[in-house]
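In case you want the letters, here they are:
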Amino acid sequence: MKEDKNLIIPKNYNSEISIIETERAIKFIKDYFEKSLAENLNLTRISAPLFVMENTGVNDSLNGVERPVSFDALDIKEDNLEIVQSLAKWKRIALSNYGFEVDEGIYTDMNAIRRDEILDNTHSIYVDQWDWEKIVSKEQRSEVYLKNVVNKIYTTFKETERIVCERYSHIKPMLPENIYFITSQQLEDMYPDVDSDTREKLITKEKGAVFISKIGKVLNSGERHGTRSPDYDDWELNGDIIFWYPILDKPLELSSMGIRVDENSLLKQLKINGCEDRKELEYHKMLLNKKLPYTIGGGIGQSRICMYFLRKAHIGEVQASIWNKEMIKKCKENNIELL
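Residues numbered from 1 in each chain as written. Predicted model: local features only at pLDDT ≥ 70, side-chain atom pairs only at ≥ 80, totals over all residues. Heavy atoms only, no water.

A. View of the overall build of the protein chain. A count of helical and extended segments in the protein chain gives nine helices and 13 strands. For the protein chain, whose C-alpha radius of gyration is 20 Å, the value lies close to the compact-globule estimate of 20 Å for 339 residues. Once the C-alpha set of the protein chain is aligned to its principal axes, its extents read approximately 60 × 55 × 40 Å. Taken across its 339 residues, the protein chain has 54% of its residues classed as buried. (Helix = DSSP H or I, 4+ residues; strand = E, 2+ residues; numbered from the N terminus. Rg over C-alpha atoms; globule rule 2.2 N^0.38 Å. Buried < 20%, exposed > 50% of the residue type's maximum accessible area, 1.4 Å probe, protein only.)

Rendered as C-alpha coordinates:
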(Lines give C-alpha, C1' and ligand atoms only; values in the text may rest on other atoms or scores of the structure.)
Protein backbone atom coordinates (compact mmCIF):
# COMPACT_ATOMS: atom_id res chain seq x y z
CA MET A 1 0.00 0.00 0.00
CA LYS A 2 1.42 3.37 -1.04
CA GLU A 3 0.02 6.80 -0.24
CA ASP A 4 0.84 9.74 -2.51
CA LYS A 5 -0.61 12.97 -1.07
CA ASN A 6 -4.38 12.32 -1.23
CA LEU A 7 -4.13 9.14 -3.30
CA ILE A 8 -3.81 5.65 -1.81
CA ILE A 9 -2.38 3.13 -4.28
CA PRO A 10 -2.93 -0.53 -3.33
CA LYS A 11 0.08 -2.72 -4.09
CA ASN A 12 -0.18 -4.60 -7.40
CA TYR A 13 -3.72 -3.32 -7.96
CA ASN A 14 -5.69 -4.52 -10.98
CA SER A 15 -9.44 -4.40 -11.43
CA GLU A 16 -10.80 -7.89 -12.00
CA ILE A 17 -13.43 -6.67 -14.48
CA SER A 18 -13.30 -4.38 -17.52
CA ILE A 19 -14.78 -0.90 -17.72
CA ILE A 20 -17.73 -2.21 -19.76
CA GLU A 21 -18.44 -4.96 -17.24
CA THR A 22 -17.99 -2.44 -14.43
CA GLU A 23 -20.72 -0.28 -15.97
CA ARG A 24 -23.03 -3.31 -16.15
CA ALA A 25 -22.21 -4.16 -12.55
CA ILE A 26 -22.97 -0.61 -11.38
CA LYS A 27 -26.46 -0.86 -12.89
CA PHE A 28 -26.97 -4.31 -11.38
CA ILE A 29 -25.93 -3.19 -7.89
CA LYS A 30 -27.91 0.05 -7.93
CA ASP A 31 -31.09 -1.63 -9.18
CA TYR A 32 -30.95 -4.35 -6.53
CA PHE A 33 -29.95 -2.11 -3.62
CA GLU A 34 -32.61 0.48 -4.41
CA LYS A 35 -35.39 -2.12 -4.61
CA SER A 36 -34.27 -3.85 -1.41
CA LEU A 37 -33.94 -0.57 0.52
CA ALA A 38 -37.41 0.56 -0.53
CA GLU A 39 -38.95 -2.75 0.56
CA ASN A 40 -37.10 -2.94 3.87
CA LEU A 41 -37.97 0.64 4.90
CA ASN A 42 -41.38 1.00 3.19
CA LEU A 43 -40.27 3.83 0.89
CA THR A 44 -41.83 5.28 -2.27
CA ARG A 45 -39.60 6.71 -4.98
CA ILE A 46 -40.24 10.36 -5.84
CA SER A 47 -38.66 13.07 -8.00
CA ALA A 48 -36.44 15.67 -6.35
CA PRO A 49 -34.93 19.05 -7.27
CA LEU A 50 -31.39 19.69 -8.42
CA PHE A 51 -31.52 23.21 -6.96
CA VAL A 52 -33.49 25.21 -4.38
CA MET A 53 -33.97 28.88 -3.48
CA GLU A 54 -30.91 30.33 -1.75
CA ASN A 55 -32.37 32.14 1.28
CA THR A 56 -35.08 29.74 2.43
CA GLY A 57 -32.90 27.56 4.68
CA VAL A 58 -33.94 24.45 2.73
CA ASN A 59 -30.51 23.55 1.40
CA ASP A 60 -28.39 21.28 3.58
CA SER A 61 -25.44 23.14 5.08
CA LEU A 62 -23.70 19.82 5.89
CA ASN A 63 -20.94 20.63 8.39
CA GLY A 64 -21.77 24.32 8.21
CA VAL A 65 -18.66 25.40 6.30
CA GLU A 66 -19.10 24.00 2.78
CA ARG A 67 -19.98 26.56 0.09
CA PRO A 68 -22.93 25.60 -2.09
CA VAL A 69 -22.81 26.38 -5.80
CA SER A 70 -25.21 29.28 -6.44
CA PHE A 71 -26.36 31.03 -9.59
CA ASP A 72 -29.00 33.40 -10.89
CA ALA A 73 -31.68 32.41 -13.37
CA LEU A 74 -33.00 34.69 -16.12
CA ASP A 75 -36.68 34.31 -15.26
CA ILE A 76 -36.42 33.90 -11.45
CA LYS A 77 -36.35 37.36 -9.89
CA GLU A 78 -37.05 36.53 -6.24
CA ASP A 79 -33.74 34.94 -5.26
CA ASN A 80 -30.61 33.16 -6.44
CA LEU A 81 -30.67 29.38 -6.73
CA GLU A 82 -28.37 26.87 -5.03
CA ILE A 83 -27.48 23.39 -6.22
CA VAL A 84 -28.43 21.05 -3.39
CA GLN A 85 -25.75 19.58 -1.14
CA SER A 86 -28.25 17.03 0.13
CA LEU A 87 -32.02 16.94 0.50
CA ALA A 88 -32.30 16.49 4.27
CA LYS A 89 -34.71 19.41 4.74
CA TRP A 90 -36.48 19.31 1.38
CA LYS A 91 -37.58 15.72 1.98
CA ARG A 92 -39.27 16.64 5.25
CA ILE A 93 -41.30 19.32 3.51
CA ALA A 94 -42.19 16.88 0.71
CA LEU A 95 -43.46 14.29 3.19
CA SER A 96 -45.77 16.92 4.64
CA ASN A 97 -46.96 18.28 1.30
CA TYR A 98 -47.57 14.88 -0.28
CA GLY A 99 -49.69 13.52 2.55
CA PHE A 100 -47.57 10.61 3.77
CA GLU A 101 -48.39 9.02 7.13
CA VAL A 102 -46.36 7.62 10.06
CA ASP A 103 -44.17 4.65 9.02
CA GLU A 104 -44.34 5.71 5.35
CA GLY A 105 -41.40 7.27 3.58
CA ILE A 106 -39.76 8.43 0.37
CA TYR A 107 -36.45 8.05 -1.41
CA THR A 108 -34.92 9.75 -4.41
CA ASP A 109 -31.77 9.97 -6.49
CA MET A 110 -29.86 12.98 -5.21
CA ASN A 111 -27.17 14.49 -7.42
CA ALA A 112 -25.08 17.29 -6.00
CA ILE A 113 -21.94 19.33 -6.43
CA ARG A 114 -19.73 19.77 -3.37
CA ARG A 115 -17.02 22.06 -4.59
CA ASP A 116 -15.11 22.16 -1.29
CA GLU A 117 -14.39 18.41 -1.17
CA ILE A 118 -10.71 17.44 -0.97
CA LEU A 119 -10.34 14.89 -3.75
CA ASP A 120 -9.01 11.45 -2.84
CA ASN A 121 -9.88 7.77 -3.35
CA THR A 122 -13.35 8.15 -1.82
CA HIS A 123 -14.24 11.85 -2.23
CA SER A 124 -15.45 13.51 -5.41
CA ILE A 125 -16.86 16.93 -6.33
CA TYR A 126 -19.83 15.04 -7.77
CA VAL A 127 -22.06 13.35 -5.20
CA ASP A 128 -24.70 10.76 -6.05
CA GLN A 129 -26.70 9.16 -3.28
CA TRP A 130 -30.07 7.81 -2.33
CA ASP A 131 -31.65 10.38 -0.07
CA TRP A 132 -34.46 8.85 1.99
CA GLU A 133 -36.83 10.10 4.66
CA LYS A 134 -39.60 8.48 6.71
CA ILE A 135 -42.27 9.84 9.04
CA VAL A 136 -42.09 8.72 12.67
CA SER A 137 -44.28 9.37 15.68
CA LYS A 138 -43.08 11.42 18.63
CA GLU A 139 -42.73 8.17 20.61
CA GLN A 140 -40.51 6.62 17.92
CA ARG A 141 -37.88 9.32 18.37
CA SER A 142 -35.64 6.98 20.36
CA GLU A 143 -32.36 5.07 20.21
CA VAL A 144 -34.29 1.79 20.03
CA TYR A 145 -36.10 2.88 16.89
CA LEU A 146 -32.90 4.29 15.35
CA LYS A 147 -31.08 0.99 15.85
CA ASN A 148 -34.01 -0.90 14.35
CA VAL A 149 -33.81 1.18 11.17
CA VAL A 150 -30.01 0.81 11.00
CA ASN A 151 -30.41 -2.97 11.18
CA LYS A 152 -32.89 -2.89 8.29
CA ILE A 153 -30.46 -0.88 6.19
CA TYR A 154 -27.67 -3.29 7.11
CA THR A 155 -29.88 -6.15 5.94
CA THR A 156 -30.02 -4.41 2.55
CA PHE A 157 -26.22 -4.26 2.47
CA LYS A 158 -25.95 -7.94 3.37
CA GLU A 159 -28.49 -8.95 0.73
CA THR A 160 -26.67 -6.91 -1.91
CA GLU A 161 -23.29 -8.38 -1.01
CA ARG A 162 -24.75 -11.86 -1.35
CA ILE A 163 -26.08 -11.34 -4.87
CA VAL A 164 -22.90 -9.54 -6.01
CA CYS A 165 -20.77 -12.46 -4.79
CA GLU A 166 -23.07 -14.90 -6.59
CA ARG A 167 -22.68 -12.98 -9.86
CA TYR A 168 -18.92 -12.33 -9.61
CA SER A 169 -17.06 -15.34 -8.25
CA HIS A 170 -13.81 -13.41 -7.63
CA ILE A 171 -15.58 -11.19 -5.06
CA LYS A 172 -15.76 -12.74 -1.60
CA PRO A 173 -18.05 -11.58 1.23
CA MET A 174 -16.51 -9.30 3.85
CA LEU A 175 -19.41 -8.02 5.94
CA PRO A 176 -19.87 -9.49 9.43
CA GLU A 177 -23.18 -11.06 10.41
CA ASN A 178 -24.25 -8.01 12.43
CA ILE A 179 -23.37 -4.33 12.54
CA TYR A 180 -21.74 -3.11 15.78
CA PHE A 181 -23.29 -0.17 17.64
CA ILE A 182 -21.21 2.30 19.64
CA THR A 183 -21.67 5.93 20.68
CA SER A 184 -19.06 8.61 20.00
CA GLN A 185 -18.52 8.97 23.77
CA GLN A 186 -18.03 5.23 24.27
CA LEU A 187 -15.53 5.31 21.43
CA GLU A 188 -13.63 8.21 23.01
CA ASP A 189 -13.58 6.36 26.35
CA MET A 190 -12.20 3.30 24.58
CA TYR A 191 -9.45 5.21 22.75
CA PRO A 192 -8.88 8.44 24.73
CA ASP A 193 -5.38 9.17 23.43
CA VAL A 194 -6.08 9.35 19.68
CA ASP A 195 -8.16 11.59 17.42
CA SER A 196 -11.63 10.72 16.08
CA ASP A 197 -10.37 9.53 12.68
CA THR A 198 -7.99 7.08 14.33
CA ARG A 199 -10.77 5.88 16.65
CA GLU A 200 -12.97 5.16 13.64
CA LYS A 201 -10.17 3.24 11.99
CA LEU A 202 -9.44 1.13 15.07
CA ILE A 203 -13.05 0.18 15.84
CA THR A 204 -14.03 -0.44 12.22
CA LYS A 205 -11.01 -2.62 11.52
CA GLU A 206 -11.86 -4.69 14.60
CA LYS A 207 -15.61 -5.03 14.00
CA GLY A 208 -15.91 -4.84 10.19
CA ALA A 209 -19.13 -2.82 10.20
CA VAL A 210 -20.08 -0.19 12.79
CA PHE A 211 -22.70 2.43 13.48
CA ILE A 212 -21.18 5.32 15.43
CA SER A 213 -23.96 7.38 17.00
CA LYS A 214 -24.36 10.77 18.68
CA ILE A 215 -22.21 12.69 16.21
CA GLY A 216 -22.02 16.47 16.48
CA LYS A 217 -22.31 16.83 20.24
CA VAL A 218 -19.42 17.90 22.47
CA LEU A 219 -17.74 14.94 24.19
CA ASN A 220 -16.32 14.79 27.72
CA SER A 221 -12.92 15.79 26.34
CA GLY A 222 -14.40 19.03 25.03
CA GLU A 223 -13.94 17.84 21.44
CA ARG A 224 -16.53 16.60 18.94
CA HIS A 225 -16.26 13.28 17.14
CA GLY A 226 -17.43 15.06 14.01
CA THR A 227 -19.33 18.15 13.01
CA ARG A 228 -22.96 18.21 11.95
CA SER A 229 -25.20 21.04 10.91
CA PRO A 230 -27.46 21.93 13.87
CA ASP A 231 -30.73 21.99 11.97
CA TYR A 232 -31.36 18.56 10.48
CA ASP A 233 -30.08 15.64 12.63
CA ASP A 234 -30.74 15.44 16.35
CA TRP A 235 -27.20 14.97 17.68
CA GLU A 236 -28.47 12.52 20.30
CA LEU A 237 -30.18 10.33 17.69
CA ASN A 238 -27.95 10.20 14.63
CA GLY A 239 -24.90 8.36 13.34
CA ASP A 240 -22.77 6.99 10.51
CA ILE A 241 -22.66 3.52 8.97
CA ILE A 242 -19.00 2.70 8.35
CA PHE A 243 -17.42 -0.46 6.89
CA TRP A 244 -13.81 -1.56 7.02
CA TYR A 245 -12.34 -1.52 3.50
CA PRO A 246 -9.16 -3.62 3.25
CA ILE A 247 -8.54 -2.61 -0.37
CA LEU A 248 -7.50 0.83 0.94
CA ASP A 249 -6.76 -0.26 4.53
CA LYS A 250 -9.19 2.34 5.89
CA PRO A 251 -12.80 2.83 7.01
CA LEU A 252 -15.37 3.66 4.36
CA GLU A 253 -18.43 5.69 5.38
CA LEU A 254 -21.46 4.51 3.42
CA SER A 255 -24.24 6.45 5.11
CA SER A 256 -24.90 9.40 7.37
CA MET A 257 -28.36 9.33 8.91
CA GLY A 258 -30.47 10.08 11.92
CA ILE A 259 -33.72 11.03 13.53
CA ARG A 260 -34.27 14.66 12.63
CA VAL A 261 -34.49 17.59 15.03
CA ASP A 262 -37.77 18.41 16.70
CA GLU A 263 -38.63 21.93 17.85
CA ASN A 264 -36.72 21.50 21.13
CA SER A 265 -33.51 19.98 19.81
CA LEU A 266 -33.44 22.52 16.98
CA LEU A 267 -33.43 25.44 19.42
CA LYS A 268 -30.83 23.76 21.61
CA GLN A 269 -28.45 22.98 18.74
CA LEU A 270 -28.83 26.38 17.09
CA LYS A 271 -27.84 27.97 20.40
CA ILE A 272 -24.84 25.66 20.85
CA ASN A 273 -23.57 26.54 17.38
CA GLY A 274 -24.27 30.25 17.76
CA CYS A 275 -26.61 30.49 14.80
CA GLU A 276 -29.96 31.31 16.40
CA ASP A 277 -30.57 33.79 13.57
CA ARG A 278 -31.63 30.80 11.43
CA LYS A 279 -34.88 30.73 13.41
CA GLU A 280 -36.12 33.44 11.04
CA LEU A 281 -35.68 31.30 7.92
CA GLU A 282 -38.79 29.85 6.32
CA TYR A 283 -37.90 26.19 6.93
CA HIS A 284 -36.99 26.74 10.57
CA LYS A 285 -40.21 28.66 11.26
CA MET A 286 -42.21 25.74 9.87
CA LEU A 287 -40.38 23.33 12.16
CA LEU A 288 -40.67 25.49 15.27
CA ASN A 289 -44.39 25.99 14.60
CA LYS A 290 -44.84 22.18 14.35
CA LYS A 291 -45.94 22.34 10.71
CA LEU A 292 -43.57 19.56 9.67
CA PRO A 293 -43.75 15.86 10.62
CA TYR A 294 -41.18 14.15 12.84
CA THR A 295 -38.89 12.12 10.60
CA ILE A 296 -35.86 9.89 10.29
CA GLY A 297 -33.70 9.97 7.19
CA GLY A 298 -30.29 9.93 5.61
CA GLY A 299 -28.19 9.51 2.54
CA ILE A 300 -26.50 6.40 1.14
CA GLY A 301 -23.68 6.93 -1.33
CA GLN A 302 -24.42 5.21 -4.63
CA SER A 303 -20.90 5.33 -6.04
CA ARG A 304 -19.41 4.39 -2.69
CA ILE A 305 -21.49 1.22 -2.38
CA CYS A 306 -20.52 0.27 -5.94
CA MET A 307 -16.89 0.92 -5.11
CA TYR A 308 -17.20 -1.22 -1.98
CA PHE A 309 -19.02 -4.17 -3.53
CA LEU A 310 -16.81 -4.23 -6.65
CA ARG A 311 -13.63 -3.85 -4.57
CA LYS A 312 -12.44 -0.80 -6.51
CA ALA A 313 -9.51 1.35 -5.40
CA HIS A 314 -10.96 4.72 -6.44
CA ILE A 315 -14.45 6.17 -6.58
CA GLY A 316 -13.59 7.46 -10.06
CA GLU A 317 -13.71 3.84 -11.25
CA VAL A 318 -17.48 3.81 -10.68
CA GLN A 319 -18.50 7.41 -11.47
CA ALA A 320 -17.64 9.99 -14.13
CA SER A 321 -16.28 13.08 -12.41
CA ILE A 322 -13.42 15.59 -12.66
CA TRP A 323 -9.99 15.01 -11.14
CA ASN A 324 -6.80 17.03 -11.10
CA LYS A 325 -4.09 16.16 -13.64
CA GLU A 326 -1.70 14.73 -11.06
CA MET A 327 -4.32 12.29 -9.74
CA ILE A 328 -5.28 11.21 -13.28
CA LYS A 329 -1.60 10.56 -14.09
CA LYS A 330 -0.95 8.57 -10.91
CA CYS A 331 -4.07 6.46 -11.38
CA LYS A 332 -3.14 5.62 -14.96
CA GLU A 333 0.35 4.60 -13.89
CA ASN A 334 -1.09 2.24 -11.27
CA ASN A 335 -3.84 0.44 -13.23
CA ILE A 336 -6.68 2.51 -11.71
CA GLU A 337 -9.03 3.13 -14.63
CA LEU A 338 -11.01 6.32 -14.05
CA LEU A 339 -14.28 6.65 -15.97
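B. Structural detail: the environment of Phe71. Structurally, the position occupied by Phe71 is in strand S5 (residues 70-73). We classify Phe71 as partly exposed; its relative accessible area is 29%. C-alpha separation for the pair Phe71 and Glu54, spaced 17 residues apart in sequence, amounts to 9.1 Å.

C. Main features of the sheet that holds strand S12 (residues 250-260). Here we have eight strands laid out as an open sheet, ordered S3-S7-S8-S13-S12-S11-S10-S9, and mixed in their pairing. Bordering the open sheet on either side are strand S3 (43-45) and strand S9 (180-183), each of which pairs with just one other strand. The sheet shows a mean angle of 25° between the axes of neighbouring strands, direction not considered. Sitting on the sheet, helix H2 (residues 88-98) touches strand S7 (105-113), strand S8 (126-135), S12 and strand S13 (295-301), and the angle it makes with S8 is about 35°. On the sheet, helix H8 (residues 302-309) packs against S7, S8, strand S11 (233-245), S12 and S13 and is oriented at approximately 55° with respect to S13. (Pairing = 2+ DSSP bridges. Axes fitted to C-alpha atoms, helices over the stretch in contact; angles between N-to-C directions. Contact = heavy atoms within 4.5 Å.)

D. Region of the structure containing the packing of helix H1 (residues 19-41) against H8. One way to put it is that H1 packs onto H8 with a least axis distance of 10 Å and a crossing angle of 115°. The crossing of H1 and H8 is right-handed. Within the contact between the two elements, H1 uses Ile26, Ile29, Lys30 and Phe33 and H8 uses Gln302, Ile305, Cys306 and Phe309. Class assignment of the residues belonging to the contact of H1 with H8 gives a composition of six nonpolar, one polar and one charged. (Left-handed = near helix turned anticlockwise from the far one by under 90°. Nonpolar A, V, L, I, M, F, W, Y, C, P; charged D, E, K, R; others polar.)

E. Geometry of the side chain of Glu133. You can see Glu133 is positioned in strand S8. For Glu133, a relative accessible area of 0% corresponds to the buried category. Separated by 3.1 Å, the side chains of Glu133 and Lys91 make a polar contact. A distance of 2.7 Å separates polar atoms of two side chains, one belonging to Glu133 and the other to Thr295. Not counting residues within four places of it along the chain, the set of residues in contact with Glu133 comprises Leu43, Ala88, Lys91, Arg92, Leu95, Gly105, Ile106, Arg260, Thr295, Ile296, Gly297 and Gly298. (Polar contact = N/O pair within 3.5 Å; in protein donor to acceptor, adjacent residues only side chain to side chain.)

F. Expanded view of the pattern of salt bridges. This model, assessed by the stated rule, comprises 27 salt bridges. Arg45 serves as the salt-bridge partner of Glu34, at 3.9 Å between the closest nitrogen and oxygen. A residue pair is termed long-range when its members are at least 10 positions apart, and Glu34 in helix H1 and Arg45 in strand S3 qualify at 11 residues. Judged by relative accessible area, which is 42%, Arg45 ranks as partly exposed. (Salt bridge = Lys/Arg side-chain N within 4 Å of Asp/Glu carboxyl O.)

G. Up close: the nonpolar core. Core analysis: the biggest nonpolar cluster contains 59 residues, and Trp132, Ile153, Phe157, Met257 and Ile305 have the highest contact counts within it. When residues in this core are grouped by element, the largest group, 10 residues, is from helix H3 (residues 143-167). Sequence-distant contacts of Ile153, that is, excluding residues within four places in its chain, are made with Leu37, Leu41, Trp132, Ile241, Met257 and Ile300. With 22 residues, the next largest nonpolar core counts Val84, Ile93, Ala94 and Ile106 among its residues. (Core = buried A, V, L, I, M, F, W, Y, C linked by side-chain atoms within 4.5 Å.)

H. Structural view of unusual backbone geometry. Of note, Lys214 is a non-glycine position whose phi angle comes to about 60°, a positive value. Summarising the element assignment, Lys214 is placed in the loop between strand S10 (209-213) and S11. For Lys214, a relative accessible area of 13% translates into the label buried. Phi is positive for Asn335, which is not a glycine, with a value near 65°. Following the sequence through the fold, Asn335 ends up in the segment after helix H9 (325-333).

I. Just the sheet that holds strand S6 (residues 76-83), in detail. A sheet is described by the order of its strands in space; here three strands give the open sequence S4-S6-S5, paired in antiparallel fashion. With one partner strand each, in any of the chains shown, strand S4 (51-53) and S5 form the two edges of the open sheet. Shown here is a sheet whose adjacent strand axes are inclined to one another by a mean of 40°, direction ignored. Across three bridges, S5 lies against S6 in antiparallel orientation. Residue pairing in the sheet places Ala73 in a bridge with Ile76 of S6.

J. Geometry of the pairing of S13. Judged by how many residues are buried, S13 sits mostly within the fold: seven of seven residues are covered. Going residue by residue along S13, you find Thr295, Gly297, Gly299 and Gly301 tucked away on one face and Ile296, Gly298 and Ile300 tucked away on the opposite face as well. Where S8 and S13 come together, seven bridges link them in antiparallel fashion. Bridging across to S13, Gln129 finds its partner in Gly301. Alignment of S12 against S13, held across five bridges, turns out to be antiparallel. Counted as the bridge partner of Met257 is Gly298 from S13.

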